[in-house]
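Here is how the chains run, residue by residue.
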Amino acid sequence: MTDWQTISALATAGGTLVLAVATFGAIRSANRSARVAEQAMLMGMRPLLVQSLSSDPPQKALWHDRHAVRIEGGRAIAQHIDDVIYLAIGVRNMGSGIALMHGWCVWPEFSRQDPVSPDDFRRLAVDLYVAPNAAGYWESALRDPTEPAFVDMAAQIASREPFAVDILYGDQDGGQRTISRFIVLPAGDDGWYAQAPRHWNVDRPAPR
């Protein structure tokens, strides 16, 4: 005789299994869609700083001691005045999100080594932002003549030798942190050029 109770139980179990498989597939698809959407959102917020273009308008940098300079496109500032070394770089944001600068690290002698830990960067005293596809600037200063970096930078500026500045920045929410290295080179008119040959991702996999 046909055991309808057993058949009913097996049919229910089979239906439950099919429903579980379908639910699992739907969840996996939803997770993939969420990851794609999140990636697209992050790409829309991601900044990337390089040197400004020679055609970009000059930027005005002002320090709290009222020292002020004009930074032409593609240029940098390196001035040793009394007991202060003023540093500034014209930058351009090639990314699609606002760049918020967090800190910096100076290399008195040009080096190919990896940057220091983000925790070891010098913090900026003010928030510096650069809009997407727009020009801006980074600026800071060394004010302790007894600091080894000050002594080394003073010698580099006096002898007009190249040096490097690493800038730590991220998106407008403080995420997607990136380190861009700017090489500062002497120009023939007693000024300084800037180039950004290397970039490191801090919060995501490296691009290479």
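Remember, it's a predicted structure, so these values are computed and weren't measured experimentally.

Chemist: So what about the nonpolar core? Which residues, and what values?
Modeler: Ranked by internal contacts, the top residues of the largest apolar core, which has 41 residues, are Leu87, Ile89, Met101, Trp138 and Phe163. Leaving out residues up to four positions away in the same chain, tryptophan 138 has contacts with Leu87, Ala88, Ile89, Met101, Trp104, Leu124, Leu128, Val165 and Ile167. Formed by eight residues, the second largest nonpolar core is a distinct cluster that contains Trp107, Leu168, Ile179 and Trp200.

Chemist: Quick rundown of the packing of aromatic side chains? Include the residues and the values.
Modeler: For the coordinates displayed, the defined rule picks out three aromatic pairs. Centre to centre, the rings of tryptophan 63 and tyrosine 86 are 5.0 Å apart; their planes meet at 70°, and the pair counts as edge-to-face. Remark: tyrosine 86 occurs in strand β5 (residues 84-93) and tryptophan 63 occurs in the loop between β2 (59-62) and β3 (68-71); sequence separation between them is 23 residues. Judged by its relative accessible area of 6%, tryptophan 63 is buried. Given the relative accessible area of 6%, tyrosine 86 is considered buried.

Chemist: Which residues make up unusual backbone geometry, and what values go with them?
Modeler: Backbone geometry places arginine 66, a non-glycine residue, at a positive phi of 75°. Its location among the elements puts arginine 66 in the loop between β2 and β3. One non-glycine residue, glutamine 176, lies in the positive phi region at around 50°. Residue position: glutamine 176 is located in the loop between β9 (163-170) and β10 (178-186).

Chemist: Outline the pattern of salt bridges, supporting the account with residue identities and numerical values.
Modeler: Going through the model one piece at a time under the given rule, you end up with seven salt bridges. Across the pair arginine 92 and aspartate 56 runs a salt bridge, and its minimum N-O distance is 2.6 Å. In this pair, arginine 92 sits in strand β5 while aspartate 56 sits in the loop between β1 (49-51) and β2, placing the two residues 36 residues apart along the sequence. Measuring nitrogen to oxygen at the nearest pair gives 2.9 Å for the salt bridge that ties arginine 177 to aspartate 203. A residue pair is termed long-range when its members are at least 10 positions apart, and arginine 177 in the loop between β9 and β10 and aspartate 203 in the segment after β11 (192-201) qualify at 26 residues.

Chemist: Tell me what's going on with the pairing of β5, and back it up with residues and numbers.
Modeler: Along any regular strand, the residues point their side chains to alternate faces of the sheet. Burial within β5 is extensive, with 10 of its 10 residues counted as buried. The alternating pattern of β5 places Val84, Tyr86, Ala88, Gly90 and Arg92 and Ile85, Leu87, Ile89, Val91 and Asn93 on opposite faces, both of which are buried. As defined by bridge partners, strand β4 (residues 75-81) adjoins β5 across six bridges and the pair is classed as antiparallel. Across the sheet, the residue bridging to alanine 76 is isoleucine 89, located in β5.

Conventions used here
- Residues numbered from 1 in each chain as written.
- Predicted model: local features only at pLDDT ≥ 70, side-chain atom pairs only at ≥ 80, totals over all residues.
- Heavy atoms only, no water.
- Core = buried A, V, L, I, M, F, W, Y, C linked by side-chain atoms within 4.5 Å.
- Buried < 20%, exposed > 50% of the residue type's maximum accessible area, 1.4 Å probe, protein only.
- Contact = heavy atoms within 4.5 Å.
- Phe/Tyr/Trp six-rings, centres within 6.5 Å; stacked < 30°, edge-to-face > 60°.
- Helix = DSSP H or I, 4+ residues; strand = E, 2+ residues; numbered from the N terminus.
- Salt bridge = Lys/Arg side-chain N within 4 Å of Asp/Glu carboxyl O.
- Pairing = 2+ DSSP bridges.

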